[in-house]
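Chain by chain, the residues:
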Amino acid sequence: MHKTDHTVRCHLADEAATLAFGARLARELKPGMTFYLEGDLGAGKTTLVRGVLRALGYVGRVKSPTYTLAETYSLPAFELYHFDLYRLHDPREWLDAGFRDVSGQAVNLIEWPDKAAGWLPLPDVIVRLSITDEAREIECEAQTPRGAEFLETCCTPC
């Protein structure tokens, strides 16, 4: 892991490493936090979310909300919203779908945030996943003081 200016970078060798990194993030999640998940198709965004949810005790199916736009998970400590905005054609569709009324006490994990630019809550952390050969690289960049504290607390060396 490399840290500079509240940025964490790690190499993820396989799916298990991506799930484990999601579990690492889950340890310090607090209600009201927002994460943008960026990366190409197949980069591992939903796998990362699956790792988060498994670490939080969720045992049901975790699927990409590509067609439903959102999946809600009621967890003991908070609700977690997993958004996939890939199919949005206009940022205002975020409003039309009623998402602006999402609870400020939930944890929001938002894939393809650029599709609703200008309408989303600001992120505490931007998570960027990229494909390199057979592996993945992940970069987490804090955008708020809360995000910086989160990364300092949860992201031990990879």
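Placed above this text is the structure.
Residues numbered from 1 in each chain as written. Predicted model: local features only at pLDDT ≥ 70, side-chain atom pairs only at ≥ 80, totals over all residues. Heavy atoms only, no water.

*Asks:* Describe the pairing of strand β6 (residues 107-111), listing the residues and the values that go with them.
*Replies:* Regular strands show a simple pattern: their side chains alternate between the two faces of the sheet. Within β6, 5 of the 5 residues are buried, which leaves it mostly tucked inside the rest of the structure. The alternating pattern of β6 places Val107, Leu109 and Glu111 on one face and Asn108 and Ile110 on the opposite face, and all of these are buried. The pairing of strand β3 (residues 34-38) with β6 spans 4 bridges and is parallel. Paired with tyrosine 36 across the bridge in β6 is isoleucine 110. (Buried < 20%, exposed > 50% of the residue type's maximum accessible area, 1.4 Å probe, protein only. Helix = DSSP H or I, 4+ residues; strand = E, 2+ residues; numbered from the N terminus. Pairing = 2+ DSSP bridges.)

*Asks:* How would you sum up the nonpolar core? Please name residues and give values.
*Replies:* With 33 residues, the main nonpolar core has Phe21, Phe35, Leu80, Ile138 and Phe150 as its most contacted residues. For this core, the elements supplying multiple residues, two or more each, are β2 (7-12), α1 (15-26), β3, α2 (45-55), β6, β7 (125-132), β8 (135-142) and α4 (145-154). Here phenylalanine 150 is in contact with Leu25, Glu28, Leu29, Met33, Phe35 and Val125, once residues within four sequence places are set aside. (Core = buried A, V, L, I, M, F, W, Y, C linked by side-chain atoms within 4.5 Å. Contact = heavy atoms within 4.5 Å.)

*Asks:* Please give an account of the packing of aromatic side chains that cites residues and values.
*Replies:* Overall, the coordinates contain 4 aromatic pairs when judged by the stated rule. A ring pair is formed by phenylalanine 35 and phenylalanine 150, whose centres lie 5.2 Å apart and whose planes are at 70°; its orientation type is edge-to-face. Of this pair, phenylalanine 35 sits in strand β3 while phenylalanine 150 sits in helix α4, and the two are 115 residues apart along the sequence. We classify phenylalanine 150 as buried; its relative accessible area is 3%. Of note, lysine 115 hangs over the ring of tyrosine 86, and the distance from its end group to the ring centre comes to 5.5 Å. (Phe/Tyr/Trp six-rings, centres within 6.5 Å; stacked < 30°, edge-to-face > 60°. Lys NZ or Arg CZ within 6 Å of the ring centre and 35° of its normal.)

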